[in-house]
Every structure is written in C-alpha cells, then in structure tokens.
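# Per-entry structural report
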Amino acid sequence: MKALIAAGLVLAFIAAPAAAQRLFPDSKMFTGERISAEVVGSGPDVVLIPGLASSRETWRATAERLKGRYRLHLIQVAGFAGEAAGANAKGPVVIPTAEAIDAYIVAAHLSPATVVGHSLGGTIALWLAEHHPEHLKKVLLVDALPFVSTVFISPTVTLDQATKIAEGLRNGPPQPDAARERMIEGMVTGEKDRAMVAAWGKASDPAVVGAALADDMELDLRPGLGAITTPITLVYPFDATMGIPGAAWDQVYAGAYAPAHTVKLERVDGARHFVMLDAPKSFAADLDAFLAK
C-alpha cells in the first residue's frame, strides 16, 4: 500500500500541468500543487530549499559546483519568483508546503534525506526535523531561526503578539517596491545579487508572500527543539558593518538553539542573509564539510 501511495505521489508531480522554471537544460522537472523540484546531477541525493519570495536560482552556483558528485533536488515554492501560485493562492502556505516537501521526499525515495534550507526554507527544514524526523538524515540550516519574530519584532515578543502583527501582514496590502529594496540592501552585499533578489520578489505573488511571511512570524518551533534527534548544522552570517558586536550576534543564534542538542553552529564572516551569494567560498567549505559527514 505504501508503495502504491508513493507511486501515486510521483505521478501527481509528473502530471501536474503548471509550468516550472528550469535552471539546467539536462535536468528533470517535477511540478506539484505547492512546490516544484528540478533534479540535476548524479550521486547521493540532496534537497535544497530557498527562502521567502526566492527562486531555486539561490542554489545555482551550488548546483553547478556539486552536480558532478550529487543528485540535487532544487525546490521552488509555488507563488515565489514567478512560479504559479497553485494551491498556495489561498490559506496557509508554510506548513502545507513543508508537508508537500515531505511527500516529495517520500515519493522520490529520498528518505532519509539530506536537506539544506535557507531562511524560510530553513524554517521548513527545521519543522520537518520536529515533525518527520524519520524522513531526514541530516539538515543544514542557512540563517534560519526557530521563532523569527524575535528578530523581526522583538527578542521578548510573545506568540500572541506576533500572531496579531502577522495577521495584519496576511490581510494587508503588498509591500511597496521601495520598502522591499531597502530590506534587500540589508540582506545582500553585491549590487548584482541585490538586483537578482529584488527581481525574485517583484515576480512573486504578493498574496502568497504575505501569507508565507505571516505563517513564518507566528510559527514558534522553540518548544520542540529539545526533542530533535536529526543532526543539524546552522550556518549564519556576520557582517561587521551592521554595527553589532560579533559576540552579541553569536549569542542571538546560540541562545535561540540552546535547547537543541544536535545543532552545531558555524559563523560565516563578511556575509549577510544570503550567505551563499555574499561569501560563496566560505559557504562552499561549510556545505562540503556538512555533506562529508
């Protein structure tokens, strides 16, 4: 029965009609109602999940470097970076998308899977570690926190407070282009990379982005950290120009993940939120060390 269910899920991904963006001409594409997956390369399987309003192009350089040694599953969330919104057009986005990724992992026979997630993609990977640990081998988180509202709002924010603010974002107007560009300036150092990330955001469905951001802000994964058994590496950035002392910035992440005994922290200097774009050599070294374990 499980085999039949898995086969059905694979067929559903293959047969879905929505167009998905392709990075590599020799890849295979699987498209579902909430995600698409571009599969390229050969070797051990690695699933890579981009962040909020981001394209799978987040991982282009990583995929170009690794596809000779690994089979890479480059996820993109429906409604982000020009991809059709699909089932994400209405209702919650983050947890249903996490479940869709888990279903893909099972259907594609990747379990136990090696998963890499950036930002919201990291939140999804962390959620999977708490709710589907049997399907995971190990996880690399790239600048992701278990309760992002502690950074977006306040270190002492309560879940009730975060939920009220999140609902305003869910039901409010789209973020103006100027505000989005200012936010991106704090996330990426290179002008070309900023322009690329900005283009992803502009091409994203505003309703899907608003719903996903609201979901993220009201998703508190801290209570489940102590029970995680999946080995996790957290790669996080530090840029001295932000004006925050390194020790204080380290404590943000160390404190957030203190209850999680399987989490190892790795700081990348000279980078902001898009670590893989700002510090590609350092990120590649950390990723290679993680994959080699």
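## Describing the overall build of the protein
Helix and strand counts for the protein stand at 12 helices and eight strands. Rg of the C-alpha trace for the protein: 18 Å, near the compact-globule value of 19 Å for 293 residues, within the 12% margin. Counting only C-alpha atoms, the protein reaches 50 × 45 × 40 Å along its principal axes. Sorting the 293 residues of the protein into buried and exposed places 50% on the buried side. Taking contacts inside the protein between residues at least 6 apart in sequence as the whole, the part at least 24 apart equals 75%. Within the structure as shown, the protein displays about 13,000 Å² of accessible surface, and the carbon and sulfur contribution to it stands at 60%. Positive and negative charge centroids in the protein, built from 26 and 31 side chains respectively, lie 4 Å apart.

## Quick word on the pairing of strand 8 (residues 263–269)
Two elements, strand 7 (residues 232–238) and strand 8, share seven bridges in a ladder whose sense is parallel. When the bridges of strand 8 are listed, Tyr236 appears paired with Arg267. As a crossover connection, the stretch from strand 7 through helix 10 (residues 246–256) into strand 8 is right-handed.

## Digging into the packing of helix 3 (residues 94–107) against helix 4 (residues 120–131)
Contact geometry of helix 3 with helix 4 gives a least axis separation of 10 Å together with a crossing angle of 65°. Between helix 3 and helix 4, the angle falls in the class roughly perpendicular. Read as a crossing pair, helix 3 and helix 4 show a hand that is right-handed. Residue-level inspection shows Val94, Ile95, Thr97, Ala98, Glu99, Ile101, Asp102 and Ile105 of helix 3 in contact with helix 4, the latter providing Leu120, Ile124, Trp127 and Leu128. Its residues assigned to classes, the contact of helix 3 with helix 4 shows nine nonpolar, one polar and two charged.

## Side note on the side chain of Ser55
Along the chain, Ser55 falls in the loop between strand 3 (45–49) and helix 2 (60–66). Since its relative accessible area comes to 4%, Ser55 is described here as buried. Here Glu57 takes part through its backbone nitrogen, which lies 2.8 Å from a polar atom of the side chain of Ser55.

## Comments concerning the nonpolar core
Within the largest apolar cluster, 50 residues are counted, with the highest numbers of intra-cluster contacts made by Ile105, Val115, Leu141 and Tyr257. Counting residues per element, this core draws most heavily on helix 4, at seven residues. Not counting chain neighbours up to four residues away, the residues in contact with Ile105 comprise Val47, Leu110, Ser111, Ala113, Val115, Leu128, His135 and Leu136. Formed by 32 residues, the second largest nonpolar core is a distinct cluster that contains Val116, Trp200, Phe274 and Leu277.

## Examining the sheet that holds strand 4 (residues 71–77)
Pairing is mixed in the open sheet, where eight strands are placed in the order 1-2-4-3-5-6-7-8. Two strands close off the open sheet at either side, each with one partner strand: strand 1 (28–31) and strand 8. The mean inter-strand angle of the sheet, taken between neighbouring strand axes irrespective of direction, is 20°. Pairing between strand 3 and strand 4: four bridges, direction parallel. Residue Val47 lies in a different strand from strand 4, and its bridge partner there is His73. The strands touched by helix 4 within the sheet are strand 3, strand 5 (113–118), strand 6 (136–142) and strand 7, with strand 6 carrying the most contacts at an inclination of about 150°. Strand contacts of helix 10: strand 7 and strand 8, with the helix running at about 150° to strand 7, the strand carrying the most contacts.

Conventions adopted
Residues numbered from 1 in each chain as written. Predicted model: local features only at pLDDT ≥ 70, side-chain atom pairs only at ≥ 80, totals over all residues. Heavy atoms only, no water. Helix = DSSP H or I, 4+ residues; strand = E, 2+ residues; numbered from the N terminus. Rg over C-alpha atoms; globule rule 2.2 N^0.38 Å. Buried < 20%, exposed > 50% of the residue type's maximum accessible area, 1.4 Å probe, protein only. Contact = heavy atoms within 4.5 Å. Areas by Shrake-Rupley, 256 points an atom, 1.4 Å probe, with all protein chains shown as cover. Lys, Arg positive; Asp, Glu negative; His and termini not counted. Charge placed at Lys NZ, Arg CZ, Asp CG, Glu CD. Pairing = 2+ DSSP bridges. Right-handed = clockwise from strand over helix to strand, strands pointing away. Axes fitted to C-alpha atoms, helices over the stretch in contact; angles between N-to-C directions. Parallel < 35°, antiparallel > 145°, perpendicular 65-115°, else oblique. Left-handed = near helix turned anticlockwise from the far one by under 90°. Nonpolar A, V, L, I, M, F, W, Y, C, P; charged D, E, K, R; others polar. Polar contact = N/O pair within 3.5 Å; in protein donor to acceptor, adjacent residues only side chain to side chain. Core = buried A, V, L, I, M, F, W, Y, C linked by side-chain atoms within 4.5 Å.

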